Amino acid sequence: MRDVAVVGIGVMRFGELWETPLRDLCVNASLQAVEDAGVDRVDSIVVGSMACGLFTEQEHVAALAADYLGLGPVPATRVEAACASGGAALRAGFAEVASGLSDVVLVLGVEKMTDVSGDATTAGLATAAEQEYETFYGATFPGMSAMIARAYMERYHAAPEHLAAVAVKNHAHGALNPLAQFQNTITVDDVLQSVLVADPLHMLDCSPVSDGAAAVVLCSAETARRARKRPIRITGVGFATDTISLYRRPDLTRMAAVERAAKAAYAMARRAPGDIQVAEVHDGFTIMEICSIEELGFVPRGQGKDAAPSGLTALGGRIPVNPGGGLKARGHPVGATGVAQACEIVTQLRGEAGKRQVPGARIGLTQNMGGSAGSASVHIFEA
Ligand code: COA
């Protein structure tokens, strides 16, 4: 396999972008990434999008992006893995460059979720769970995440305050990120007093519904020598699946796909959890960050709940998690998230993260998951 580097990034401020059509989201993020890279050509485009058909009635989004970027006739394909679509697209782009099939690949993640009603968005997101035995009976993502939270709280004696601390930390990080959807700080009391969405999860335990796009330019190490900025290598790639339905899981507190994807990425990069200096982790709901950092090996099982309250995962802590604000504060246009996480880690490893910079960070990790970790991707980046 050839070495693969990220040479360009493009990410916009996520939010309710009613005035910006889907194609403009694609074009804006992509042009930023191409400009940042300084490349004069793109050989292939890979787009991650979970449900652009359901949310905007637009399928064929990769060809749409190629068309409006004026890049046709380059090959352009879409990858889907629910909320992990961005991570899956990054992996597909990596594979194209590593194999030699393409030399310069534009990886784009995009989702426009606010063109339909809140109910329709919730129903669209729930299509990532098992339709016949879960969604049909009314299961929603907040509902299923609440079941995971209940199981975790019971097993490890966690309290709602432990969950809330994750949101407080990620909002504090988001307040330092000019591209975060929410740049306000919150307190544990704010979280506990926000409306109850699915007991024990309050509104401020949830990532928001967002529109947005993010893009990276990947290329071979040789081409990366001509890049405008310091290339950041992708040294580890892992992807794994698990039961997409919760009722078939022996232990609701485990996210086995995350553990498997992490093991694969650590093995490929020849790294261990202790080597990671900064991470972007999938905090679609506060409980997801708690379970994920255990599966990634940052903390022992059962101790994920203590990481945010103790400051371990805050900026300045031993392993800063979600310095960009995470899905909670940066926003979560689902298909864009895995790529936006990569943009944040590249920004950190370039030393360009400003007030939220993790000093001296040289090794970073992203973890993105689909549904309740029915699929998961992990990437390791090195400066
Ligand atoms: N965090 C912080 N603020 C939020 C928020 C969130 N998660 N969701 C909404 N808000 C804010 C809005 O910005 C808005 O503020 P404003 O009045 O100042 O404009 C206000 O709350 C009301 O927003 P609204 O869109 O009416 O909220 P809602 O009740 O329809 O939706 C949730 C709230 C939590 C149900 C919705 O955000 C949600 O479903 N989130 C989860 C999405 C999901 O499952 N993603 C996949 C995860 S893996």
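What counts, and where the lines are drawn
Counting of residues starts from 1 at the beginning of each chain's written sequence and follows it residue by residue. Confidence filtering applies because this is a predicted model: local features only for residues at pLDDT of at least 70, side-chain atom pairs given and counted only at 80 or more, and all residues used for totals across whole chains, interfaces and linings. In computing side-chain values, all of the structure's heavy atoms are included and hydrogens and water are not. Strands pair, by our definition, only if DSSP identifies at least two bridges between them. Only runs of H or I of at least four residues qualify as helices and only runs of E of at least two qualify as strands under DSSP, and these elements are numbered from the N terminus. A fitted line through C-alpha atoms serves as each axis, taken over the contacting stretch for helices, and the angle formed by two N-to-C directions is quoted from 0 to 180°. Any two residues whose heavy atoms approach within 4.5 Å are treated as being in contact. Think of it this way: one heavy atom of a residue within 4 Å of a molecule or strand is enough to make that residue near it. Side-chain atoms alone can form a polar contact between residues adjacent in sequence; in general such a contact is a pair of N or O atoms within 3.5 Å, and within protein one must be able to donate a hydrogen while the other accepts it. Working definition of accessibility: Shrake-Rupley area with a 1.4 Å probe, residue cover restricted to the visible protein chains. Under the grouping applied here, Gly and all other residues not named as nonpolar or charged are polar, the nonpolar ones being Ala, Val, Leu, Ile, Met, Phe, Trp, Tyr, Cys and Pro and the charged ones Asp, Glu, Lys and Arg. One less than the residue count of a helix, multiplied by 1.5 Å, gives the span that helix is expected to have. Buried residues are those whose accessible area, probed at 1.4 Å on protein chains only, stays under 20% of the maximum for their type, while exposed residues exceed 50% and partly exposed ones sit between those limits. For salt bridges, the criterion is a side-chain nitrogen of Lys or Arg within 4 Å of an Asp or Glu carboxyl oxygen.

Engineer: Please explain the sheet that holds strand β2 (residues 44-48) as it appears in this structure.
Structural biologist: Sheet strands pair by backbone hydrogen bonding; their relative direction is either parallel or antiparallel. Across the sheet, nine strands lie side by side as β3-β2-β4-β7-β1-β8-β11-β10-β9; this open sheet has mixed pairing. Unpaired on one side and paired on the other, β3 (76-79) and β9 (278-280) mark the two borders of the sheet. Between one strand axis and the next, the sheet turns by 25° as a mean value, whatever way the strands run. Each of β8 (232-241), β10 (363-370) and β11 (375-382) touches helix α10 (residues 256-269); the most contacted strand, β8, lies at about 145° to it.

Engineer: Explanation requested: the site of the ligand in the structure shown.
Structural biologist: Of all residues adjacent to the ligand, which total 15 residues, the nearest are Leu204, Cys206, Ser207, Phe285 and Lys328. Contacts to the ligand include cysteine 206, whose backbone N or O atom sits 2.8 Å from a nitrogen atom. Within the backbone of serine 207, one N or O atom sits 2.9 Å away from a nitrogen atom of the ligand. Notes on the ligand: free accessible area 920 Å², of which the protein chains cover 61%. A class-by-class count of the residues in the shell around the ligand yields 10 nonpolar, four polar and one charged.

Engineer: Looking at this structure, I do not really get helix α7 (residues 160-174). What am I missing?
Structural biologist: Think of an α-helix as turning once every 3.6 residues; residues three or four places apart then point the same way. Given a rise of 1.5 Å per residue, 15 residues ought to cover 21 Å, and the 21 Å separating the end C-alpha atoms of α7 matches this to within 8%. For α7, a buried count of 11 out of 15 residues is recorded, marking the element as mostly surrounded by other parts of the structure. The set of residues buried in α7 consists of His162, Leu163, Ala164, Ala165, Val166, Ala167, Lys169, Asn170, His171, His173 and Gly174. Those residues of α7 that are buried are in contact with α6 (141-156), α8 (188-193), β6 (201-202), α11 (286-295), α12 (304-310) and α13 (326-330).

Engineer: Explanation requested: the pattern of salt bridges in the structure shown.
Structural biologist: Side-chain pairs of opposite charge can arise where the charged atoms are in close proximity. This structure, assessed with the given rule, holds 25 salt bridges. Across the pair lysine 169 and glutamate 289 runs a salt bridge, and its minimum N-O distance is 2.9 Å. Of the two residues, lysine 169 sits in helix α7 while glutamate 289 sits in helix α11, which places them 120 residues apart along the sequence. As far as burial versus exposure is concerned, lysine 169 and glutamate 289 are alike and both buried.

Shape is all these values report; function is a separate question.
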